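Here are the chains, one letter per residue:
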Amino acid sequence: MFWVPLLLLAWAVAGVACLRLCLAAVRGAAVADSDAGAGRDLTLYEAAFLSGGPGRVADVTLVAMARQRRLLLAHTGWATVVDPCGRDEMERSVIGAIGPQGQSPIAPVRAAAATADAVRGIAERLVGAGLAVPDGAGTTVAEAVRQVRLAVPAVAGLATAALLMPVPSDMPRFLVALWFALPLALTLGCLAIARFEVHPYSPWASPAGQRLLGTLPRGAGDAADDRTYLTSVAVRGIRAVGEPELRAAFAHRGPHEGH
């Protein structure tokens with residue numbers, strides 16, 4: 001019966017992860033019917049934040065300035081200031097991050113711009129409007145789903161360990177496997193339900209924010225239409241950038257930075 005403690009541990013892992021997912025889904029459902037953001041249009045930076053967080057805001061700012069020829073983004077991963085006069089707080093944050101020499105690698109510029117006061121201001125406005133998830137609001141659905149996904153291999157690993165234990169047991173191994181199949185089925189079932197009921201999972205946007213994002217165009221559209229093009233980058237990230245040299249410039253970001 002040495003497999004029983006492993007089974008109890010598997011149930012604990014699966015139960016805690018699924019409980020957190022259920023609680024996060026209930027919290028999301030509690031505000032899903034609110035009228036937050038009704039009749040409100042998202043700015044480009046707000047759409048970027050709700051879609052991809054602070055880093056996405058920095059990306060959109062860099063792409064917008066590059067398309068307006070006020071910033072050169074070389075395929076080697078360097079940014080060069082052409083126009084030192086930023087038109088808003090985010091652009092001034094980017095220019096300030098590049099430094100007085102007017103040239104810097106893109107990765108540190110992006111990191112500095114993502115933590116600037118301008119981004120924090122955007123986050124505070126969105127949280128105040130009920131469109132973004134506030135810090136310290138507890139486990140979000142996206143985080144809870146990740147925990148359940150991690151619980152799946154954990155339960156499978158515990159089952160494998162129990163089946164491979166050389167200690168003799170009075171219970172046939174196939175019955176031991178069936179006992180472990182129960183917590184595994186619980187985690188997989190929760191993931192399937194979450195996929196149909198609460199997808200997409202967002203660590204940044206509240207249900208009201210996700211509804212507003214759903215009204216925005218996701219295609220790049222005509223490259224000459226800056227607003228549509230930049231909105232697509234805000235929603236989809238750098239993969240929406242069509243220019244090969246501009247995509248190459250962002251390819252030099254840190255290996256752990258999101259796209």
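Here the structure is shown first, and the text comes after it.
About the cut-offs
Residues numbered from 1 in each chain as written. Predicted model: local features only at pLDDT ≥ 70, side-chain atom pairs only at ≥ 80, totals over all residues. Heavy atoms only, no water. Pairing = 2+ DSSP bridges. Helix = DSSP H or I, 4+ residues; strand = E, 2+ residues; numbered from the N terminus. Axes fitted to C-alpha atoms, helices over the stretch in contact; angles between N-to-C directions. Core = buried A, V, L, I, M, F, W, Y, C linked by side-chain atoms within 4.5 Å. Buried < 20%, exposed > 50% of the residue type's maximum accessible area, 1.4 Å probe, protein only. Contact = heavy atoms within 4.5 Å. Salt bridge = Lys/Arg side-chain N within 4 Å of Asp/Glu carboxyl O.

Some points on the sheet that holds strand β3 (residues 103-105)
So, point 1. Read from one edge to the other, the open sheet built from 3 strands follows the order β1-β2-β3, with strand pairing classed as antiparallel. Each edge of the open sheet carries a strand with a single partner, namely β1 (71-73) and β3. Geometrically, the sheet is characterised by an average inter-axis angle of 20° between neighbouring strands, direction not taken into account.
So, point 2. With 3 bridges connecting them, strand β2 (residues 78-81) and β3 associate as antiparallel partners. Residue pairing across strands places Trp78 opposite Pro105, the latter belonging to β3.

Some thoughts on the nonpolar core
So, point 1. Leu42, Val63 and Leu73 are the most contacted members of the largest nonpolar core, which has 50 residues in total.
So, point 2. Dropping the residues within four chain positions of it, Leu42 is found in contact with Ala47, Leu50, Leu126, Leu131, Leu212, Leu213, Leu216 and Arg227.
So, point 3. Listed in part, the 13 residues of the second largest apolar core include Ala24, Ala144, Val148 and Cys190.

Things to note about the environment of Ala74
So, point 1. Within the secondary structure layout, Ala74 lies in the loop between β1 and β2.
So, point 2. Remark: the alpha-carbon pair of Ala74 and Arg247, spanning 173 residues in sequence, is separated by 9.7 Å.

Quick notes on the environment of Leu62
So, point 1. Its location among the elements puts Leu62 in helix α3 (residues 54-67).
So, point 2. Taking the C-alpha atoms as reference points, Leu62 and Ala113, separated by 51 residues in sequence, lie 9.7 Å from one another.
So, point 3. With near-sequence residues (within four places) excluded, Leu62 lies in contact with Leu71, Leu73, Val94, Ile106, Val109, Arg110 and Phe250.

Comments concerning the pattern of salt bridges
Pairs can form between side chains of opposite charge whenever their charged atoms are close.
So, point 1. In this structure the tally under the stated criterion is 5 salt bridges.
So, point 2. One salt bridge connects Arg67 with Glu243, and the closest N-O pair in it is separated by 2.8 Å. Highlighted residues: Arg67 in helix α3 and Glu243 in the loop between α10 (226-236) and α11 (244-250), separated in sequence by 176 residues.
So, point 3. Look at Arg67 and you get buried, because its relative accessible area is 17%.
So, point 4. According to the relative accessible area criterion, Glu243 is partly exposed, its value standing at 28%.
So, point 5. Glu91 is the salt-bridge partner of Arg70, the closest N and O atoms lying 2.6 Å from each other.

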